[in-house]
Amino acid sequence: MGLMSRGGPGGLEHLRPPGPARRGAQPSPFPTTRGRGTGTQPLLSWLHLPTVLPGYQDGETTASTGSLADIFVTMAHSEVLFQNDYFDEGPFYLSHWQSEGPPGMVLKAFFPTCCASADSGLLVGRWVPEQNSAVILAVVHFPFIPIQVKKLLAQVQKASQVQVAVLGTWCHRQQEPEESLGHFLEGLGAIFSHDPWLQLCRERGTRFWSCKATYHQMSTTLGTPSDDQVMLIFYDQRKLLLSWLHPPAVLPDCQDGEATASSGGLADIFDTVARSELLFQNDQFDEGPVRLSHWQSEGMEASILVELAKRASGPVCLLLASLLSLLSAASASWLWKLWPLSFIRSKLSTCEQLRHRLKHLSFIFSTEKAQSPMQLMRKANMLVSVLLDVALGLLLLSWLHSNNQIGQLANALVPVADRVAEELQHLLQWLMGAPAGLKMNRALDQVLGRFFLYHIHLWISYIHLMSPFIEHILWHVGLSACLGLTVALSILSDIIALLTFHIYCFYVYGARLYCLKIYGLSSLWRLFRGKKWNVLRQRVDSCSYDLDQLFIGTLLFTILVFLLPTTALYYLVFTLLRLLVITVQGLIHLLVDLINSLPLYSLGLRLCRPYRLAAGVKFRVLEQEAGRPLRLLMQINPLPYSHVVHTYRLPSSGCHPKHSWGSLCRKLFFGELIYPWRQREDKQD
């Protein structure tokens, strides 16, 4: 390592070898390496201790630890010595390995495709030093006054909080034949100082581009990096402005490393274009002090309509929000908290759906501005869901009132109810005999059969009593379809629950008898083993029984065992009927939840405008030739449909039970009731 000192009092004469002698006056006997050469390997490497390697012997371990490790540690601890650059104006000039530094790094210039045919001028954008990237946003055309350009950039920077500056010059030689223009553009670097200073040029008569970057802070001009060190990336400014790059935390399949890379790289580019929207509001044909070339909307007519809609939406939303607040206050009044009303309100699907839609409408027409793209997308999904729901409800309403469909349904409802009751009677008569050749307890079989037949008789009488009013009830129920298809489906589910109320009663009677016998047999089985259930400590303890208790327990156990098959058969039949009704209601609730929670607006954007929901980017090579800058085209990778549904799925009403297969089988085996609604003590799966 050569050491030369500047002159000073009593010191040596100032020595400064010209030209390449600064990097070492004497030729090195070893091949010169920089950056990626072998000279950097000991400094950047980590020597593994041989004790970690299983194939090494003890002698090799001692030799490696005592010789090579000292060399590696010495170079690693001397890293502060290598931080001085060759060209630093310090008291000493050192020759050692140097990193490439800013001039040697690959410079990435993001250029909008809409400016490829723009006139010559200045490149306006943002410099991202962490990524060594220049995001070009617009081109300022001649003629212009520098102070006006700086004033415009200051206004944009203040409004958008983006460090917008003049990054360089743009020369379109197909439109500017003057040779002196290039020298004029190079002189603009003294007025708009930026490091590095970009010089983009589209050559005349060819498809080739040239891209150079000059670093003015170097005392000795380094020229420009070679063209293979400059990467020119084209991007669609409109798509990048309208898209939203989803953070990798939203994507379920992304790893931590991908999340860090995306957040630190692509997010800066997307954020720069999105926050610089104020710069794009100036039309390129405006007769203003500064003319810009950037992405423009298709026309001003659509913008005027959108602006009028925005101004009219404020008072409309305020009026609807006040009406919805009144409805919310009325639904939360003390009258609905009385026992019968509160119980019915919590069990009917129609009330739950109306409450759910009221929350959606209150969120849609709230006067508060969306704070994030996720909240804005959620509001749009709710609006589209409500509009589609109402449209489907109106179609159903028009079908019901056409060709007297309501009268036909009313006339067919009573015969269907009679047919169901008749089939139940035949089923009970079959159970009261010898079903499938099984011998039942005759007395218990007759009691249960007559009990259930009496209930069927009461139900048939009730249906015939209500038959004159069924058409009027269906007509008023059909009017509720104007509130949405989900409300009509919820009313249909409640009607099915009312029409099958006798089946629910049969199921409850059979389940209670079966559950009573199961728990009685389990308690008596513990009595035989000298055990009992400790209610206070919730455990099984030992217990001593006398002879009378054991005798009574034996008699009761025998009676329950012989009566269990008859009860279990009735319980099994009515449980299957109940599960059939619950399955039909579950399909209706599934359709309601699908309409409520499906993100229709997001799926429509993914189908028609896939670039609006971005999961990342991909690059396509446009030009890769020696001596030319690498030209790439950045394209947006859309978010997959499964991730769109997973990310933007709306919350459902959540009033329906969600049983796992294990809990469902356990409840069926022990005779516990299965409710069509969610109980307070039910655990969430």
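Residues numbered from 1 in each chain as written. Predicted model: local features only at pLDDT ≥ 70, side-chain atom pairs only at ≥ 80, totals over all residues. Heavy atoms only, no water.

- If you look the chain up in an unreviewed UniProt entry, it shows as Phosphatidylinositol N-acetylglucosaminyltransferase subunit Q from Myodes glareolus.

## Some thoughts on unusual backbone geometry
- Despite not being glycine, Asn-132 shows a phi value in the positive range, around 55°.
- Within the fold, Asn-132 resides in the loop between strand 2 (121-128) and strand 3 (133-141).
- You will see that Gln-538, though not glycine, has its phi angle at about 55°, which is positive.
- Within the fold, Gln-538 resides in the loop between strand 10 (531-534) and strand 11 (539-542). (Helix = DSSP H or I, 4+ residues; strand = E, 2+ residues; numbered from the N terminus.)

## Thoughts on the layout of surface pockets
- Taken as a whole, the second largest pocket holds about 850 Å³ of empty space.
- As for the second largest pocket, its lining consists of 34 residues, and the residues nearest its centre are Leu-413, Leu-492, Ile-495, Ile-496 and Leu-499.
- At the level of secondary structure, the elements contributing two or more residues to the lining of the second largest pocket comprise helix 13 (373-400), helix 14 (405-432), helix 15 (442-466), helix 16 (470-479), helix 17 (485-499), helix 18 (501-528) and helix 19 (547-597).
- If you tally residues by element for the lining of the second largest pocket, the top one is helix 14, at ten residues.
- Among the residues forming the lining of the second largest pocket, the class breakdown is 29 nonpolar, four polar and one charged. (1 Å grid on protein atoms, 1.4 Å probe; cavity = no way out; pocket = protein on both sides within 12 Å on 5 of 7 lines; lining within 4 Å. Points joined across faces, edges and corners; volume = space filled by probe spheres on them. Nonpolar A, V, L, I, M, F, W, Y, C, P; charged D, E, K, R; others polar.)

## Overview of the nonpolar core
- Val-135, Tyr-235, Leu-240 and Phe-270 are the most contacted members of the largest nonpolar core, which totals 35 residues.
- Non-local contacts of Leu-240, meaning those with residues more than four positions away in its chain, are made with Tyr-235, Ile-269, Phe-270, Val-273, Met-634 and Ile-636.
- Ranked by size, the runner-up nonpolar core spans 23 residues in total, among them Phe-111, Trp-170, Cys-211 and Ala-213. (Core = buried A, V, L, I, M, F, W, Y, C linked by side-chain atoms within 4.5 Å. Buried < 20%, exposed > 50% of the residue type's maximum accessible area, 1.4 Å probe, protein only. Contact = heavy atoms within 4.5 Å.)

## With respect to the packing of helix 15 against helix 19
- As a packed pair, helix 15 and helix 19 sit with axes 10 Å apart at the nearest point and diverge in direction by 25°. With respect to each other, helix 15 and helix 19 are oriented roughly parallel. Regarding helix 15 and helix 19, the two cross each other, and that crossing is right-handed. Residues Leu-444, Asp-445, Leu-448, Gly-449 and Phe-452 of helix 15 form the contact with helix 19, whose participating residues are Leu-563, Thr-566, Thr-567, Tyr-570 and Phe-574.
- Of the residues in the contact of helix 15 with helix 19, the class split is six nonpolar, three polar and one charged. (Axes fitted to C-alpha atoms, helices over the stretch in contact; angles between N-to-C directions. Parallel < 35°, antiparallel > 145°, perpendicular 65-115°, else oblique. Left-handed = near helix turned anticlockwise from the far one by under 90°.)

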